[in-house]
Amino acid sequence: MNGAPVRGFDGDNGPATAAALALANFQNTCDPNRFEQTSHISVDAKGNIYLTDSDNQRVRRIDASGVITTVAGTGDAPQTNSRCEPTGPIGDGGAAVSARLFNPADVIPDSKGNLLIADQQNNRIRQVSAAGNIITIAGSGLHNLFAPGIPATSSPMDWPSSLALDANGVLYFAELHSSRIGKIGADGRLGIAAGIGFPGYSGDLGLATAARLSKPAGIAIDRTGNLLIADTGNHRIRKVAADGAITTIAGNGQQSFCGDGGPANQACLNTPMDVKPDGLGNIYIADTGNHRIRRIDPAGIISTVAGTGLPTRGPDGVAGTASALNYPSALAVDANNDLYIVDWQNYLIRKLTFGAFLSSAGIVNGASFVAPVAPGAIISLFGANLAGATAQAAGTSWPLELGGVAVEINGARIPLYVVSPGQINAQLPYEAPPGPATAVVVTPSGRSATVPFTIARAAPGSFTYAGSDRAIALNQDGTINSVDLPESRGRVIVCFVTGLGSVSPPVPTGQPASLDTLSNASETFSATIGGAPAQVLFAGLTPAYIGLGQVNILIPFDAPLGDAVPILLQAAGQTARSATVSIRLPLEPRLSGSGMGKSNEDAARPASGNRGFATRLRRSGQ
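Bringing the overall build of the protein chain into the picture now. Looking only at helices and strands, the protein chain features two helices and 46 strands. Projected onto its principal axes, the C-alpha coordinates of the protein chain cover approximately 105 × 45 × 40 Å. Within the span of the protein chain, comprising 622 residues, buried residues form 55% of the whole. As displayed, the protein chain offers around 24,200 Å² of accessible surface, 52% of which is attributable to carbon and sulfur atoms. Looking at the protein chain, you have 42 positive and 45 negative side-chain charges, and the mean spots of the two groups are 2 Å apart.

This is the structure in structure tokens:
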């Protein structure tokens, strides 16, 4: 997505991508000099996404079909006193959608079908039942440090900002103002898990309950039961082990950006607001002030997986590190270990897919990079995480798997030439029938979503030089057409293409065209040069190459002259994107079939001899 961020509220009961969010205020609504509000996100086992749309005073759900609804909150905050404590009714005991929330900061599902909400400025933790009713399970509404050892509902709270459940159902919460992590025991009483109640940094290798934290904004439980803490004000990520000992696992305390590719505990973070583990042993950090998402791998090495470091709005459908984020503040990981990001100041929820992602408009002709595609064509597939590294086919035929990657068209694997993280070049089988089709990319990490596309009978695409519309073409004498070497009217120019469609005699998919027998396009090709109709002498496969075709065209005597004369090719109702060539007056009068270089009759044959040029063509097109 590109454009200015949009903030607001609308879109309930419609597509989430069309909805407006407010998320958290950038400044504290009670004290504008403090920056302490946040909006968290979670995903349940069914793929429902829950988010706190904080300044809209709502908790919202995006279901597995992508529809967004409100599950708690009327949109109005309660009445408050001078301490910003709620004084009016908040709706406990009734329907959650009729309750008043006050800048809710987090929401997580439990194992019983309930939702748990950190209702931050109501100074409460609230529970929404599966039936949709809301109650308070912690906090009295008073704004003060929580009191350990007393019933949870009798204690004040000091802005609960984040929630986490362990395997035993113990609920942990981060209390932002008191710089502590609390928990609710099985007896319903509050206890301290980390922090002494005064901000600062201390305590590593000792008990977490004797350590100092600073404005912890996010917490999580990892797969081995460790408590992870985004120690926001200390620019660190800390871990509390089962024995209660606390350590720093990321951040050196310097508010900056550094350290990618090295040990996470030596890296620089900038106001990290959340931390979440996946099921593979990785830990993700919302490095908010650095406008990045960073990952600690199981070996303790840190890297950036999303964000460019610039606080702006980046595009979708590209690698995470190529898309800018604007104060990413919260994270969630789903069952597929994909990552959801609260792109806070862009007012977006973004998804970072670590499995193969194939763009919905990313299946195109490998020469022109436009759709549709045709049987036998070289095609390009665009997306993200399509391969772990770049690999290229070797030998005279193309394999069905390359670098651990395969592409399935209509359920059958196709020959691959090059695979890379963002692009795959392959051959669409000659056997693929025209009409609707589907594509899936298969990688060691899983399968992409199925993407529909269309196959035409023929869909010619002209190969051009990178960054220009200049055709890769040969003059009649075999030289490369250029401004310095234009071709003359009345002579033949050879344009290289892909997307001819079926050919006769047929060529096996994934195999080079024969050197001995010419394969002609089954569809009729026509051409214009500078708008003047031109005779097509040959349209078919280039011998010795896979999926590569050529169209040999007689330049008409009324074709315009110039350095960039457009050529248009048509077949089966499809028109190739315009490509340009250079044309001059004949050097001397010549009759058809005579003159320097090849005769027109010879020039009608495929350019099979210029292998060095065709190798360059093959690389530029693929």
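This brings us to the sheet that holds strand E6 (residues 106-109). Strand order in the open sheet formed by four strands is E6-E7-E8-E9, with antiparallel pairing between adjacent strands. Two strands lie at the open edges of the sheet, namely E6 and strand E9 (134-138), each paired on one side alone. In this sheet, neighbouring strand axes are inclined to one another by 25° on average, regardless of whether the strands run parallel or antiparallel. In the sheet, strand E8 (residues 124-128) pairs with E9 via four bridges, with the strands oriented antiparallel. Looking at E9, one finds that Val128 is bridged to Ile134.

Working note: non-glycine residues mostly have negative phi, and peptide bonds are mostly trans. Here the amide bond leading from Ala371 into Pro372 is cis, since omega sits at 0°, within 30 degrees of zero. Examined against the element boundaries, Pro372 turns out to sit in the loop between strand E25 (357-365) and strand E26 (378-384). Omega for the bond connecting Ser504 with Pro505 falls within 30 degrees of zero, at -5°, which places this linkage in the cis form. When you line up the elements, Pro505 lands in the loop between strand E39 (503-504) and strand E40 (520-521). Residues other than glycine seldom take positive phi values, yet His291 does so here, at roughly 60°. Relative to the assigned elements, His291 resides in the loop between strand E19 (283-287) and strand E20 (292-296). According to the relative accessible area criterion, His291 is buried, its value standing at 6%. For Ala544, which is not a glycine, the phi torsion comes out positive at approximately 80°. Residue class for Ala544 comes out partly exposed when judged on its relative accessible area of 21%.

For the structure on display, the rule yields 17 salt bridges. Note that Arg238 is salt-bridged to Asp204, the shortest N-O span being 2.9 Å. In this pair, Arg238 sits in strand E16 (residues 236-240) while Asp204 sits in the loop between strand E13 (190-194) and strand E14 (218-221), placing the two residues 34 residues apart along the sequence. Relative accessible area serves as the criterion here: at 0%, Arg238 is assigned to the buried category. Taking the shortest distance from any N to any O, the salt bridge between Asp316 and Arg350 comes out at 3.1 Å. Of the two residues, Asp316 is situated in the loop between strand E21 (302-306) and strand E22 (328-333) and Arg350 in strand E24 (residues 348-352); the sequence distance between them amounts to 34 residues. Exposure remark for Asp316: the relative accessible area of 42% places this residue in the partly exposed category. Judged by relative accessible area, Arg350 falls into the buried class, the value being 9%.

Pairing is antiparallel across the open sheet formed by three strands, whose spatial order is E22-E23-E24. Since the sheet does not close on itself, it has two edges, and those belong to E22 and E24, each with one partner. Between one strand axis and the next, the sheet turns through 25° on average, direction left out of account. Pairing of E22 with strand E23 (residues 339-343) involves five bridges; the strand directions are antiparallel. In the strand pairing of E23, Val333 is matched with Leu339.

Below, the discussion takes up the environment of Val170. Mapped onto the elements of the fold, Val170 is located in the loop between strand E10 (160-165) and strand E11 (171-175). Apart from the residues within four sequence positions on either side, Val170 is in contact with Ala164, Leu165, Lys183 and Ile184.

Before going further, it helps to spend a moment on the pairing of strand E46 (residues 579-584). Looking down a regular strand, the side chains alternate between one sheet face and the other. Most of E46 is tucked away, with five of its six residues classed as buried. Across two bridges, strand E37 (residues 487-488) lies against E46 in parallel orientation. When the bridges of E46 are listed, Glu487 appears paired with Ile583. Bridge analysis of strand E44 (residues 562-571) against E46 gives four bridges, and the strand direction is antiparallel. In the strand pairing of E46, Ile567 is matched with Ala579.

Quick look at the environment of Ile472 now. Along the chain, Ile472 falls in the loop between strand E35 (461-462) and strand E36 (473-474). For the pair Ile472 and Gln79, spaced 393 residues apart in sequence, the C-alpha separation works out to 71 Å.

Moving on, we get to the nonpolar core. Among the nonpolar cores identified, the biggest contains 30 residues, and Ile529, Ile553, Ile567 and Leu569 are the most heavily contacted of them. Those elements giving two or more residues to this core turn out to be strand E38 (492-498), strand E41 (525-529), strand E42 (532-541), strand E43 (549-554), E44 and E46. Broken down by element, this core gets its largest block of residues, four residues, from E44. Filtering out sequence-adjacent residues up to four positions away, Ile529 remains in contact with Ala534, Ile553, Ile555, Pro556, Ala559, Pro560, Val565, Pro566, Ile567 and Ile583. Within the second largest apolar cluster, 27 residues are counted, among which are Val373, Val451, Phe453 and Ile455.

Calculation criteria
- Residues numbered from 1 in each chain as written.
- Predicted model: local features only at pLDDT ≥ 70, side-chain atom pairs only at ≥ 80, totals over all residues.
- Heavy atoms only, no water.
- Helix = DSSP H or I, 4+ residues; strand = E, 2+ residues; numbered from the N terminus.
- Buried < 20%, exposed > 50% of the residue type's maximum accessible area, 1.4 Å probe, protein only.
- Areas by Shrake-Rupley, 256 points an atom, 1.4 Å probe, with all protein chains shown as cover.
- Lys, Arg positive; Asp, Glu negative; His and termini not counted.
- Charge placed at Lys NZ, Arg CZ, Asp CG, Glu CD.
- Pairing = 2+ DSSP bridges.
- Axes fitted to C-alpha atoms, helices over the stretch in contact; angles between N-to-C directions.
- Salt bridge = Lys/Arg side-chain N within 4 Å of Asp/Glu carboxyl O.
- Contact = heavy atoms within 4.5 Å.
- Core = buried A, V, L, I, M, F, W, Y, C linked by side-chain atoms within 4.5 Å.

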